[in-house]
Each structure stands twice: as C-alpha cells, then as structure tokens.
Amino acid sequence: MLEIFAISGLLGAIVALLFGLVVLLKDPGSLAGQIFSLMILAYLGWAFSYWRWLVIDDEAGALFWVKILTIGTFLTAALFSHWIIVLFNEQHRYRWFIRIVYVVTLTAVALTPTQLIVEGVSQKLFFPFWPDAGVLYFYSVAIIYIGALLPAFYILLKNIARPATPTQRGQALYIMLGALLGFGGGYTNVFLWFDILIPPYGTVLTGFFPFFLAYAVIKHRLFNLKAIASELMIIFISGVLLIQLILSESTTEYILRSIFFGMSVVMGYILVKSVYREVEQREEIERLAKDLQKANERLKELDTLKSQFLSIASHDLRAPLTAIRNFLSLMLEGTFGKIPAGAEEGMRQVFTRATDMAAMVDNYLNVSRIEQGRMKYDFASTDLEKILSETISSFTAVAKEKGLTLLYTKPAGNFTAKVDASKIREVFENLVNNSILYTQKGNVTVSLEQNVLTARLTIKDTGVGMTKETISKLFKLFSPGDDSRTYNPKSTGVGLYISKAHVEAHKGKIWAESDGSGKGSRFIVELPLTN
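The following refers to the structure shown.

Cut-off values and rules
Residues numbered from 1 in each chain as written. Predicted model: local features only at pLDDT ≥ 70, side-chain atom pairs only at ≥ 80, totals over all residues. Heavy atoms only, no water. Pairing = 2+ DSSP bridges. Helix = DSSP H or I, 4+ residues; strand = E, 2+ residues; numbered from the N terminus. Axes fitted to C-alpha atoms, helices over the stretch in contact; angles between N-to-C directions. Salt bridge = Lys/Arg side-chain N within 4 Å of Asp/Glu carboxyl O. Buried < 20%, exposed > 50% of the residue type's maximum accessible area, 1.4 Å probe, protein only. Expected span 1.5 Å × (residues − 1). Bend = angle between axes of the 7 residues up to and from the residue. Polar contact = N/O pair within 3.5 Å; in protein donor to acceptor, adjacent residues only side chain to side chain. Phe/Tyr/Trp six-rings, centres within 6.5 Å; stacked < 30°, edge-to-face > 60°. Lys NZ or Arg CZ within 6 Å of the ring centre and 35° of its normal. Left-handed = near helix turned anticlockwise from the far one by under 90°. Contact = heavy atoms within 4.5 Å. Nonpolar A, V, L, I, M, F, W, Y, C, P; charged D, E, K, R; others polar. Core = buried A, V, L, I, M, F, W, Y, C linked by side-chain atoms within 4.5 Å. Patch = residues over 30% accessible without salt bridge, like charges linked within 9 Å, V, L, I, M, F, W, Y side chains within 5 Å. Areas by Shrake-Rupley, 256 points an atom, 1.4 Å probe, with all protein chains shown as cover.

A look at the sheet that holds strand β4 (residues 405-408)
Part 1 of the reasoning: With respect to topology, 5 strands assemble into an open sheet ordered β4-β6-β7-β9-β8, the strand pairing being mixed. Of all strands in the sheet, those bounded by a partner on one side alone are β4 and β8 (509-514). Sheet twist, expressed as the average angle between the axes of neighbouring strands with direction ignored, equals 15°.
Part 2 of the reasoning: Note: strand β6 (residues 443-450) against strand β7 (residues 454-461), 7 bridges, orientation antiparallel. In the sheet register, valine 444 faces β7, and the bridge partner there is aspartate 461.

Here you go:
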C-alpha cells in the first residue's frame with residue numbers, strides 16, 4: 001500500500017517538473033506563464049518530497065522531507081491563486097489580497113523548519129513516519145488554503161457561469177476540475193496529521209492536478225496545441241524511462257537505462273524543436289495569408305471606388321462635351337451666321353479635339369461598365385464581312401494620307417454571326433487604327449478567313465513591332481505599349497482592354513503576335529459563326 005502512495009508522488013513530480021519547464025521555456029515573458037511555471041515547480045517540491053518521505057527509512061530524513069513537502073503545499077496554493085487572478089485579468093481587484101497571501105505564506109514557510117508547523121513524525125496506520133501537526137499548522141493551512149483558494153475558486157466559478165469569451169469558460173472549467181482533484185486530494189492527508197485515522201487515499205488524485213491544468217492549456221490554446229502535444233508525449237516517455245532509471249537494481253541496468261533516458265531526452269529535444277519550427281512557419285504563413293486577404297479586400301474596395309469614380313466623372317464630362325460639340329457643329333454649319341475663314345479653321349480644330357475627348361470619355365464609361373458588369377450587348381445576326389468592309393473604307397483615306405497601303409481582299413464565304421454590330425465595329429476600327437498609327441512605312445494587310453465554326457480576322461502591319469514583355473501586358477487596363485506615346489500621344493491603354501472585353505463577351509478570342517521590335521505586328525480575332 002505504501003508503494004502506491006510513493007509511486008504516485010514520484011510520477012506527479014516528474015510530470016510537474018517537465019511540464020513546468022516546457023511552459024516556462026515556451027512563454028518566458030508572460031507573467032501568467034512565469035507564475036504557472038513557479039506553481040508547477042512548487043507542486044514538484046510537494047510531489048518529490050512526498051515520494052522521498054515515504055521511501056526513506058530513518059526518522060530524521062522523513063522529518064526533513066515532510067517539512068519540504070509542507071513548504072511546497074503552502075507555495076502551491078498561493079501561486080495557484082495568483083495565477084488565476086492574472087490569467088483572468090483580475091489584478092486590479094485583488095492587488096492587495098495577493099500581497100497579503102504572499103506575506104502570510106512566506107511567514108508560514110519561514111516557520112516550517114520549527115516545531116510550530118511540524119512537531120515531528122510518528123507511526124500512524126501503515127505509515128512508519130507520519131507527521132504530527134504543530135500548534136500553528138492548522139491555522140496556517142486554514143489561512144493559506146482557504147483564504148487563498150476561495151477567491152481563486154470564486155473567479156473560476158464566475159468565468160464558468162458568465163465568461164467574457166467561450167475560451168475562458170473552457171479554461172475555467174478544466175482548471176477548476178484539476179484544482180478540486182489536486183487540492184481536494186491533498187486535503188485527505190490532513191486527517192492523519194491530527195490523529196484522525198482516515199487513510200489519505202485522495203493523495204493519488206493529486207497527480208491529476210498538472211494533467212488537467214495541461215489540458216486547459218492545450219485544449220483552449222493558451223499555448224500551441226501541436227507543440228504542447230509533442231512535448232507531453234516526450235514528457236510521458238521520458239518520465240517512464242526516468243522512473244525505470246531510478247528503480248534500477250544493478251549497475252548494468254542503471255547504465256543501460258541512463259543511456260536510453262539520455263537518448264530519449266536528446267531525440268525529444270530535436271523533435272520538439274522541429275515541431276516548433278513547423279508551427280512558427282505555419283503561423284507565419286497564416287499571418288501572411290490574412291494580410292494578403294486584407295490587402296485583396298482593400299484592393300477590391302479601391303477597384304470598386306475607381307470604377308464608380310470613372311463612371312461618375314465620365315458621365316459628368318459627357319454632357320457638357322456633347323453640348324460643346326453640338327454648338328460648334330451649328331456654328332460651322334452657319335446657323336449663327338458666316339464665320340471668318342481664320343476663325344472657322346480654329347473652330348474646326350476645337351471641334352476635332354472635343355470629338356476626341358468625347359470618344360475618350362465614352363471609352364472610360366465603357367471601362368466602368370465592363371468592370372461593374374453593366375455592359376449591355378444587343379446580339380443579332382450580322383455579316384462580319386460587311387462590318388469589316390465598312391471599317392476598311394473609313395480608314396483608306398487615313399492610311400493614304402500617311403503614305404501607307406491598306407490592303408484588303410474581300411473573301412468568299414458566309415460570315416454571318418450573332419453579334420452586337422456596334423461593339424464589333426468598335427473592335428475592328430480600334431485594331432485597324434492602331435496598326436496605321438504604329439506603322440511609319442509599308443503597309444497594313446487585313447484578311448478575313450472562314451474556318452469550320454469561326455471567322456478569323458488578321459491585321460498584319462510592317463510597323464514598330466513588339467517585345468514579348470509588351471505583348472504580355474498589351475490587353476491590360478491602362479497598359480499601353482512601351483513606344484505608344486511616341487507614335488500615338490493620345491494612347492491611354494484603354495482601347496485594347498475594351499476590345500478584349502467585347503470579343504470575350506461574344507465568346508471569341510483576341511491576341512497579338514510579333515517577331516520582335518521593328519518587325520511588325522499581327523492582331524488576330526476569332527469569333528464564332530452562326531451554324
């Protein structure tokens with residue numbers, strides 16, 4: 001029977017030591033973590049002394065370990081109360097209380113070596129050396145245990161009944177259970193101190209004290225779950241090996257078990273280090289992912305604001321521009337009387353600039369509609385070749401004026417497709433216009449071919465060409481080519497973006513090709529034909 005009590009004390013001591021060190025090393029800067037570690041070390045003093053007291057075979061040694069045990073008892077209760085107060089942020093309310101507890105506890109600790117706390121040891125039941133209470137023992141236990149623990153249990157009950165967060169309820173619940181088993185089981189030792197012959201069977205339950213506190217720590221994320229779980233596994237294995245080492249009966253057994261114990265500690269340390277490294281990397285990835293998510297949400301918000309701004313600004317600009325263009329048109333037509341030749345030329349230039357600006361505003365409105373998903377398409381069966389022929393006719397004079405040859409041979413075949421004619425015309429005009437703008441000499445060749453289910457438009461020029469980098473960003477919003485400003489000062493990087501959106505809305509494809517800078521370009525559009 002005596003061995004059961006002794007082994008329970010030894011096992012509790014080993015677990016308390018290892019777990020206390022783990023927590024202290026894991027969170028050395030936290031006040032709650034430091035107090036927790038000190039409390040576990042105080043419990044270690046109690047548990048280890050309990051084991052040594054029960055296995056020793058002389059009275060003086062037993063009395064020494066009983067006194068160490070008593071000091072561990074007092075300190076464990078005081079530190080537990082302080083830990084609960086800090087853990088649940090009650091320092092401001094119990095500031096003076098915890099000071100008084102420490103004063104009383106340290107006084108009792110100082111008196112423990114005298115006979116006032118432990119008078120001596122004697123035979124009781126099956127224990128050869130059980131302590132006899134001194135005159136102040138009862139008062140010390142009553143003041144420290146009851147005085148210190150009652151507020152701690154009150155705080156735990158309050159956080160179980162009305163927690164600030166669900167996590168606090170879980171913490172309080174398991175800590176309460178561990179405290180009831182630990183301190184309740186320890187109380188069963190007191191009876192024999194006062195010659196009440198009730199065996200201290202509850203002492204076995206005190207070993208659950210560090211386990212339930214550990215569960216509260218792990219379950220409710222006071223520290224990292226995976227890391228602590230790994231540490232507890234190493235603690236358990238090392239604890240078993242240490243017990244075997246202590247109980248060795250021969251030199252050979254002692255040496256072999258020492259080697260196994262040392263290897264388990266070293267390998268456990270390596271394992272735990274690798275787990276912590278993995279945990280830190282995962283936490284860093286999770287942090288970066290959260291930051292990236294926030295950044296993406298902010299970008300979406302800014303993108304929405306940009307689209308709204310484009311829509312509002314473009315809409316507000318369009319109305320006065322329309323009025324200016326209409327008024328200028330009437331003046332040029334002579335509605336308000338004949339205009340002098342010099343003034344007429346200047347007015348035509350203003351009209352041209354206002355027309356360009358109106359087209360630019362329309363482009364920005366289209367960008368806004370595309371990005372907000374509000375672009376509307378009026379699909380109808382249309383001859384793509386007719387739209388292309390009209391486009392070529394409208395640009396023939398422009399190409400000739402620049403000294404270029406605009407080549408187009410009308411193809412044979414049926415090019416009927418279900419499209420929005422105005423949007424497809426806009427695409428064709430933009431591509432032909434771009435090829436003319438970026439070609440200084442030579443020609444622009446336009447061809448239309450019929451495949452089985454699609455029509456392919458190819459616009460090939462002998463212009464400035466493009467690099468692969470330019471091609472990769474060509475159809476992105478506000479991303480004109482590298483030399484765009486040189487050949488087209490009015491370029492905004494919007495036209496090809498809108499063209500791509502129109503083509504894709506028709507379930508078609510658009511892309512660009514070039515053999516390099518100075519080697520011309522090819523723009524290809526494929527659109528599905530009507531079956």
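Focus on the pattern of salt bridges
Part 1 of the reasoning: Counted by the stated rule, this structure contains 11 salt bridges.
Part 2 of the reasoning: Ionic pairing is found between lysine 509 and glutamate 526, a salt bridge with its closest N-O pair at 3.9 Å. Remark: glutamate 526 occurs in strand β9 (residues 521-528) and lysine 509 occurs in strand β8; sequence separation between them is 17 residues.
Part 3 of the reasoning: Linking aspartate 515 and arginine 522 is a salt bridge whose minimum nitrogen-to-oxygen distance equals 3.7 Å.
Part 4 of the reasoning: A relative accessible area of 55% places aspartate 515 in the exposed class.

Digging into helix α12 (residues 384-401)
A turn of α-helix holds 3.6 residues, and therefore any two residues three or four places apart point the same way.
Part 1 of the reasoning: Under the 1.5 Å per step criterion, the end-to-end length of α12 is 27 Å for 18 residues, consistent within 8% with the ideal 26 Å.
Part 2 of the reasoning: The largest bend along α12 measures about 35° and falls at phenylalanine 395.
Part 3 of the reasoning: Among the residues of α12, Leu384, Glu385, Ile387, Leu388, Thr391, Ile392, Phe395 and Ala399 are the ones counted as buried.
Part 4 of the reasoning: In this structure aspartate 383 caps α12, since a side-chain oxygen of it lies 3.1 Å from the backbone nitrogen of glutamate 385.
Part 5 of the reasoning: Glycine 403 lies just past α12 and shows a positive phi near 85°.

Some remarks on the packing of aromatic side chains
Part 1 of the reasoning: Enumeration according to the criterion identifies 11 aromatic pairs in this entry.
Part 2 of the reasoning: Consider the rings of tryptophan 53 and tryptophan 130, whose centres lie 4.8 Å apart with planes at 55°: the pair is tilted. One end of the pair, tryptophan 53, is in helix α2 (residues 31-55); the other, tryptophan 130, is in strand β2 (residues 127-133), and 77 residues separate them in sequence. In this structure, tryptophan 53 and tryptophan 130 share a single accessibility class: buried.
Part 3 of the reasoning: One aromatic cluster is present, built from ring pairs that chain together Tyr43, Trp46, Tyr50, Trp53 and Trp130.
Part 4 of the reasoning: Here the basic side chain of lysine 423 rests over the ring of tyrosine 377, its NZ or CZ set 5.6 Å away from the ring centre.

Here's the deal with unusual backbone geometry
Part 1 of the reasoning: Positive phi, close to 55°, is recorded for asparagine 89, a residue that is not glycine.
Part 2 of the reasoning: Phi at lysine 507 takes a positive value of approximately 60°, unusual for a residue other than glycine.
Part 3 of the reasoning: By the element assignment, lysine 507 lies in the loop between α16 (495-505) and β8.
Part 4 of the reasoning: Overall, lysine 507 belongs to the exposed group, its relative accessible area being 74%.

Observations concerning the packing of α12 against helix α13 (residues 421-437)
Part 1 of the reasoning: The N-to-C vectors of α12 and α13 enclose an angle of 35°; their axes lie 10 Å apart at closest approach. In this structure, α12 crosses over α13, and the sense of that crossing is right-handed. Judged by residue contacts, Leu384, Ile387, Leu388, Glu390, Thr391, Ile392, Phe395, Val398 and Ala399 of α12 engage Ala421, Ile424, Arg425, Phe428, Glu429, Val432, Asn433 and Ile436 from α13.
Part 2 of the reasoning: Class assignment for the residues of the contact of α12 with α13 results in 12 nonpolar, 2 polar and 3 charged.

Here's the deal with the nonpolar core
Part 1 of the reasoning: Counting 60 residues, the largest nonpolar core has Met39, Trp53, Phe80, Trp83, Ile84 and Leu156 as its most contacted members.
Part 2 of the reasoning: The greatest single-element share of this core, amounting to 14 residues, is contributed by helix α3 (residues 59-87).
Part 3 of the reasoning: What isoleucine 84 contacts, discounting residues up to four positions off in sequence, is Ala152, Ile155, Leu156 and Ile175.
Part 4 of the reasoning: Core analysis: the next-biggest nonpolar cluster, separate from the first, contains 35 residues, Val444, Leu448, Met466 and Phe523 among them.

Some words on a nonpolar patch on the surface
Part 1 of the reasoning: On the surface, a cluster of nonpolar side chains totalling about 670 Å² of accessible area is made up of Phe138, Tyr139, Ile143, Phe191, Phe194, Ile196 and Ile198.
Part 2 of the reasoning: Here the nonpolar patch gets 3 residues from one element, more than from any other, and that element is helix α5 (residues 137-161).
Part 3 of the reasoning: Positionally, phenylalanine 138 belongs in helix α5.

Focus on the environment of arginine 325
Part 1 of the reasoning: Structurally, the position occupied by arginine 325 is in helix α10 (residues 251-332).
Part 2 of the reasoning: C-alpha of arginine 325 to C-alpha of valine 350: the two residues are 25 residues apart in sequence and 8.8 Å apart in space.

That's the geometry; what it means functionally is another story.
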